[in-house]
Amino acid sequence: MKNLYKIFLFTSLIMPGLLSAQCKNFTKKKCFPSLENYVPSENYNSLSMFAGDTADLYMVFIANNDYRIVVCSHPVLGDVEYRVETENGLLVYSSEENESEKIFDFSTTNTEKLHLVISVPENEKSNSSSMVQTGCVSIIVGSKESVN
């Protein structure tokens, strides 16, 4: 029983750090190159998600800039979908309507707050006895000054 407690304690303390490090490494190698000539923001969001999971993120975009949003996910999660909406709920972009394109480029004329909704599809092959697959989903934003 004492050994079981030690294993549980080790797992609960060490595993989140390992998953975070793996996600950070994944983002650095697989996601950041998609920004190309956009300057990455100082912050990026990485989440450990699973089949059927959704996440909400609100971001502020400053006027007179060009932006690139990249939603990058581990292949084990399948085709992760996302949409960008205004604060009023108007759809700005949907990866589902754009053949699962993971990159969204846009320009701003006004400073605005946008809502991103990220969805991992349900796993069709899962059953109650199968292990839940988790994977990293990273949302990175790059910007550059508009040339207009």
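None of the values given here were measured: they were computed from a predicted structure.

K.L.:
An account of the sheet that holds strand β5 (residues 81–86) is needed here, citing residue identities and associated values.
P.N.:
In space, the four strands of this open sheet follow the order β3-β8-β5-β6, with antiparallel pairing throughout. Unpaired on one side and paired on the other, β3 (54–61) and β6 (91–94) mark the two borders of the sheet. Across the sheet, the axes of successive neighbouring strands diverge by a mean angle of 20°, strand direction being ignored. Where β3 and strand β8 (residues 112–119) come together, eight bridges link them in antiparallel fashion. Bridge assignment links Leu57 to a residue of β8, and that residue is Leu116.

K.L.:
I'd love a proper account of the confidence of the model for the protein, names of residues and values included.
P.N.:
Averaged over every residue, the pLDDT of the protein is 83; residues scoring 70 or more account for 80%. pLDDT under 50 marks residues 8–19. Its contacts with residues more than four places away, or in other chains, come to two contacts.

K.L.:
Explain the pairing of β6 residue by residue, including any values.
P.N.:
With three bridges connecting them, β5 and β6 associate as antiparallel partners. Considered in β6, the bridge of Arg83 is made with Ser94. Hairpin connection of β5 to β6: four residues between the antiparallel strands, including Gly89 at a positive phi of 90°.

K.L.:
Tell me about the pairing of strand β7 (residues 103–107), and name the residues and values.
P.N.:
As a general feature of sheets, a regular strand has side chains that alternate between the two faces. The alternating pattern of β7 places Phe104 and Phe106 on a buried face and Ile103, Asp105 and Ser107 on a face that is not buried. Sheet topology note: the strand β4 (residues 65–73)/β7 ladder contains five bridges and is antiparallel. By the bridge assignment for β7, Asp66 is matched with Ser107.

What counts as what
Residues numbered from 1 in each chain as written. Predicted model: local features only at pLDDT ≥ 70, side-chain atom pairs only at ≥ 80, totals over all residues. Heavy atoms only, no water. Pairing = 2+ DSSP bridges. Helix = DSSP H or I, 4+ residues; strand = E, 2+ residues; numbered from the N terminus. Axes fitted to C-alpha atoms, helices over the stretch in contact; angles between N-to-C directions. pLDDT = per-residue confidence, 0-100. Contact = heavy atoms within 4.5 Å. Buried < 20%, exposed > 50% of the residue type's maximum accessible area, 1.4 Å probe, protein only.

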